[in-house]
Amino acid sequence: MPTTPSGSPAGSGQPGTHLTHGAHPHVVPRHPRLDPLADRYAARTHGMKSSEIRALFSVVSRPEVVSLAGGMPAVTALPLDAVGSMIGELVSGMGAQTLQYGSGQGDPRLRERICDVMALEGITDASPSEVVVTVGSQQGLDLVTRVFCDPGDVILAEGPSYVGALGVFQAAEARVRHVPMDEHGLIPEALEEALVDCRANGDRVKFLYTVPNFHNPAGVTLSEPRREAIVAIAEKHDLLIIEDNPYGLLGFEHEPMRALRARNNQRVVYLGSFSKTFSPGLRVGWVLAPLAVREKLVLATEAQVLCPPSLTQYAVARYLDTQPWREQIKLFTELYRERRDATLESLAALMPAGTAWTRPDGGFYVWLKLPHGLDAKLMQPRAVNAHVAYVPGIGFFADGNGREFMRLSYCYPEPDQIREGVRRLARVIEAELDLHSTFDTVDTGTFRAIARPGAGDAAETIVGPANSDTYEDRR
C-alpha cells in the first residue's frame, strides 16, 4: 500500500483518492557523517527529491538516445535572426531600462500585451492591474501556493498531475488528493465527491489545481460541458480554482477553448506562460488574479526575487509588439500536429496488444498505459539501454500510483526520430511481456485499448488516464 512520509497508509487504496501528508515535525538525519548539517534542515525539506524528468537529463542528452521524455518546445522554428536583432536593439537602445531593476508586479507594457493574449481564450475583462509577471508560470504556481496554503492543507489535483506542481505542493507541506480523469478531462462528479468527503473529514481544501487544455501529462482536454459543471461546483462549494494554461493556444483541431477564468473572474486564478508559444529560456509567465490576491502575490514575489528580470520582460513585450506572433503560433501548431500524427501512427502500427493511449488534440503529450502487469519505472533502465527515453507515470502522482503509465512527448524530436523511438519502445515492451509471460504467467489482457485503424466502424475509444473503475461507466 502507498504510504505517507511517516509510513502511515496514504488513503483508501483506490486510485486517484490518496492523500499525501506534510513533512515530519523533526527531520532525522540519515547520514550525519556525510552531511554534518543534516539535523539542521527545515522539516519541509524531508522527502525532497529530483523529479522523474530532471533525473533523465543526463540520459536524454546522449545523441544515440531518442528522447520522448522532456517537453522542450521547438525553438528552432522561431525566426532566430529577427529575435536576436530585436534583443540586441533593446540593449543598445534601452539599456538603461532593460538592464535595471523593475517593478515587482512587472512591466506595464508587457502586462497590457498579456491581456491581449488572454483575450484569445475569451478573457476579455482582464485589466493589466490584475496581472503579475512571474519567472515562468512555475514561479506563479509557487507564489499562489505560498499565499494560500498552510502545512496540512489539502489541494485537489487531477490524477495524474503536472510533476512541477506536485513538487511545489510538497515543498509547501500541503496534502494532495487526486481527482480522477477520463478522456474528457476532470470528472465533475468525482470532484464534488472529493469536496464533500474532505469536508466531512475536517480537511481544509484550499483550491483545485487543474490543467484544462492538452493536459500535462495526460494530453486530454476538459470538455465544454465539464467546464461549466466545474465552475458551478466551485460556486456551490466556495472552491477556488487555479487554472494552469501553458498550452491553450496550441490546439490542432479547433480554436482556443474559452478559459475557466472567462466564466468567473473571482473564483479562478489563471496562470499563463510564454514558454510554449515563444521561448522557455526567457522564463516569462504571469498570474491573473483578483486585486486583493494580486497585492499578496506582489509582496510574495518581492520577498522571493525582488522583481522579475527586466530584460526578458522587455524582450517579450517587444516581440509581441513587432513580430507576427499569432502566425508564429500557427507555425508551431502545424509542426506539433505533424509530430503528434507521427506518434499516433507509430503507436497504432507497432504497439503490442494491451497497450492503450490518449489522442491529444493539441499540446505536447501522449499518455500511454502498458499492458497489465508491466511497470514503466522498472522497465525504464531497459528502455534506456535500447536508446529510447520516456517519463514513468509514477512521477505524476503524489500517492505512489501510476506505475503502469508513461508520458511520451512529441514536441522536440523530428517525425523520423519519433517513429524510431516508438519502434524501440515497442520492442522493449514486447520483450518485457515475453519475460513476464515466461516467469510470471501474467495476464496481459487488452485493458480497453484504443481501436486500431480498420478495427470497425465504431468510434475510437480513448482510454482515460488514471480514472478509477468507480467512474468508468459515467462517461
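Undergrad: Give a description of the overall build of the protein that names residues and reports values.
TA: The number of helices and strands found in the protein is 12 helices and 14 strands. Within the protein, the fraction of its 475 residues that count as buried is 55%. A fraction of 75% describes how many contacts in the protein between residues 6 or more apart in sequence connect residues 24 or more apart. Accessible area for the protein stands at about 20300 Å²; split by element, carbon and sulfur atoms hold 52% of it.

Undergrad: Kindly report on the environment of Ser275, identifying the contributing residues and their values.
TA: Among the secondary structure elements, Ser275 is positioned in the loop between strand E8 (268–273) and strand E9 (285–288). Taking the C-alpha atoms as reference, Ser275 lies 7.2 Å from Gly136; in sequence the two are 139 residues apart. Aside from chain neighbours lying at most four places away, what touches Ser275 is Pro73, Pro280, Arg283 and Val284. At 3.1 Å, the side chain of Ser275 forms a polar contact with the side chain of Arg283.

Undergrad: Describe the pairing of E9, with residues and values.
TA: Of the two faces of E9, the one lined by Gly285 and Val287 and the one lined by Trp286 and Leu288 are each fully buried. In terms of strand pairing, strand E2 (residues 131–134) meets E9 through 4 bridges, oriented antiparallel. Following the sheet pairing, Val133 is matched in E9 by Trp286. Strand direction decides the pairing type here: E8 and E9, joined by 4 bridges, are antiparallel. Looking across to E9, one finds that Tyr270 is bridged to Leu288.

Undergrad: Can you lay out the packing of aromatic side chains for me, pointing to particular residues and giving the numbers?
TA: Under the defined criterion, the tally for this structure stands at 12 aromatic pairs. With a centroid separation of 3.7 Å and 5 degrees between ring planes, the pair formed by Phe278 and Tyr319 is classed as stacked. One end of the pair, Phe278, is in the loop between E8 and E9; the other, Tyr319, is in helix H9 (residues 310–322), and 41 residues separate them in sequence. The buried category is assigned to Phe278, whose relative accessible area is 2%. Each member of the aromatic cluster is reached from another via a ring pair, and the members are Tyr247, Phe332, Tyr336, Phe364 and Tyr365. In this structure, Lys369 packs its charged tip against the face of Phe405, placed 5.7 Å from the ring centre.

Undergrad: Give me the pattern of salt bridges: which residues, what numbers.
TA: In this structure the tally under the stated criterion is 28 salt bridges. Asp150 is the partner of Lys206 in a salt bridge, and the nearest nitrogen-oxygen pair spans 4.0 Å. One end of the pair, Lys206, is in strand E6 (residues 205–210); the other, Asp150, is in the loop between helix H4 (136–148) and strand E3 (154–159), with 56 residues separating them in the sequence. Between Glu224 and Arg263 there is a salt bridge, with its nearest N and O atoms 2.7 Å apart. Taken together, the residues Glu224 in helix H7 (residues 224–237) and Arg263 in the loop between strand E7 (241–244) and E8 connect sequence positions 39 residues apart. When its relative accessible area of 35% is taken as the criterion, Glu224 is described as partly exposed. The class of Arg263 is buried, set by a relative accessible area of 14%. Overlapping salt bridges, with partners in common, bring together Arg109, Glu112, Arg113, Asp116 and Asp321 in one network.

Undergrad: Which residues make up the confidence of the model for the protein, and what values go with them?
TA: In this model, the protein carries an average pLDDT of 87, and 82% of its residues clear a pLDDT of 70 or more. Low confidence marks residues 1–25, where pLDDT is under 50. Its contacts with residues over four positions away, or in another chain, come to 57 contacts. Counting interchain partners and residues more than four positions distant, the pLDDT-below-50 stretch residues 442–475 has 81 contacts.

Undergrad: Explain the packing of H4 against helix H5 (residues 163–171) residue by residue, including any values.
TA: Close contact between H4 and H5 brings their axes to 10 Å; oriented N to C, the two are set at 30 degrees. For H4 against H5, the interelement crossing comes out right-handed. Touching Gln138, Leu141, Asp142 and Thr145 of H4 are Gly164, Ala165, Val168 and Phe169, all from H5. Looking at side-chain class alone, the contact of H4 with H5 contains 4 nonpolar, 3 polar and 1 charged residues.

Undergrad: Provide a residue-level description of unusual backbone geometry, including the pertinent values.
TA: Backbone torsion omega between Gly159 and Pro160 reads 10 degrees, so that peptide bond is classified as cis. Position of Pro160 relative to the elements: it lies in the loop between E3 and H5. A positive phi is found at Phe214, a non-glycine position, where the angle reads about 50 degrees. Within the element layout of this structure, Phe214 appears in the loop between E6 and H7. At Arg283, a residue that is not glycine, the phi angle is positive and equals roughly 55 degrees. Mapping Arg283 onto the fold places it in the loop between E8 and E9.

Undergrad: How would you sum up the sheet that holds strand E5 (residues 185–186)? Please name residues and give values.
TA: By definition, the strands of a sheet pair up through backbone hydrogen bonds, in either a parallel or an antiparallel sense. The 8 strands are arranged E2-E9-E8-E7-E6-E3-E4-E5 in an open sheet whose pairing can be described as mixed. Looking at which strands have only one partner, the edges of the open sheet turn out to be E2 and E5. Bridge count for strand E4 (residues 175–182) against E5 is 2 bridges, and the pairing is antiparallel. Paired with Asp182 across the strands is Gly185, a residue of E5. Along the sheet, helix H6 (residues 188–200) makes contact with E3, E4, E5 and E6, crossing E4 at roughly 155 degrees.

Undergrad: Explain helix H8 (residues 291–305) to me, using residue names and the numbers behind them.
TA: Over its 15 residues, H8 extends 21 Å from the first C-alpha to the last, a length consistent with the 21 Å expected when each residue adds 1.5 Å. Among all positions in H8, only Val293, Arg294, Leu297, Val298, Ala300 and Thr301 are buried. Structurally, H8 contributes buried residues whose contacts are with E2, H4 and E9.

Undergrad: Break down the packing of helix H2 (residues 80–98) against H9 for me, citing the residues and quoting the values.
TA: Two elements in contact, H2 and H9, have axes whose closest approach is 10 Å; the angle formed by their N-to-C orientations is 125 degrees. Our classification of the angle between H2 and H9 gives oblique. For the pair H2 and H9, the crossing hand works out as right-handed. Across the interface between the two elements, Val83, Met86, Ile87, Leu90, Val91, Met94, Gln97 and Thr98 from H2 touch Ser310, Leu311, Tyr314, Ala315, Arg318, Tyr319 and Thr322 from H9. Considering only residue class, the contact of H2 with H9 consists of 10 nonpolar, 4 polar and 1 charged.

Reading guide: rules and limits
Residues numbered from 1 in each chain as written. Predicted model: local features only at pLDDT ≥ 70, side-chain atom pairs only at ≥ 80, totals over all residues. Heavy atoms only, no water. Helix = DSSP H or I, 4+ residues; strand = E, 2+ residues; numbered from the N terminus. Buried < 20%, exposed > 50% of the residue type's maximum accessible area, 1.4 Å probe, protein only. Contact = heavy atoms within 4.5 Å. Areas by Shrake-Rupley, 256 points an atom, 1.4 Å probe, with all protein chains shown as cover. Polar contact = N/O pair within 3.5 Å; in protein donor to acceptor, adjacent residues only side chain to side chain. Pairing = 2+ DSSP bridges. Phe/Tyr/Trp six-rings, centres within 6.5 Å; stacked < 30°, edge-to-face > 60°. Lys NZ or Arg CZ within 6 Å of the ring centre and 35° of its normal. Salt bridge = Lys/Arg side-chain N within 4 Å of Asp/Glu carboxyl O. pLDDT = per-residue confidence, 0-100. Axes fitted to C-alpha atoms, helices over the stretch in contact; angles between N-to-C directions. Left-handed = near helix turned anticlockwise from the far one by under 90°. Nonpolar A, V, L, I, M, F, W, Y, C, P; charged D, E, K, R; others polar. Expected span 1.5 Å × (residues − 1). Parallel < 35°, antiparallel > 145°, perpendicular 65-115°, else oblique.

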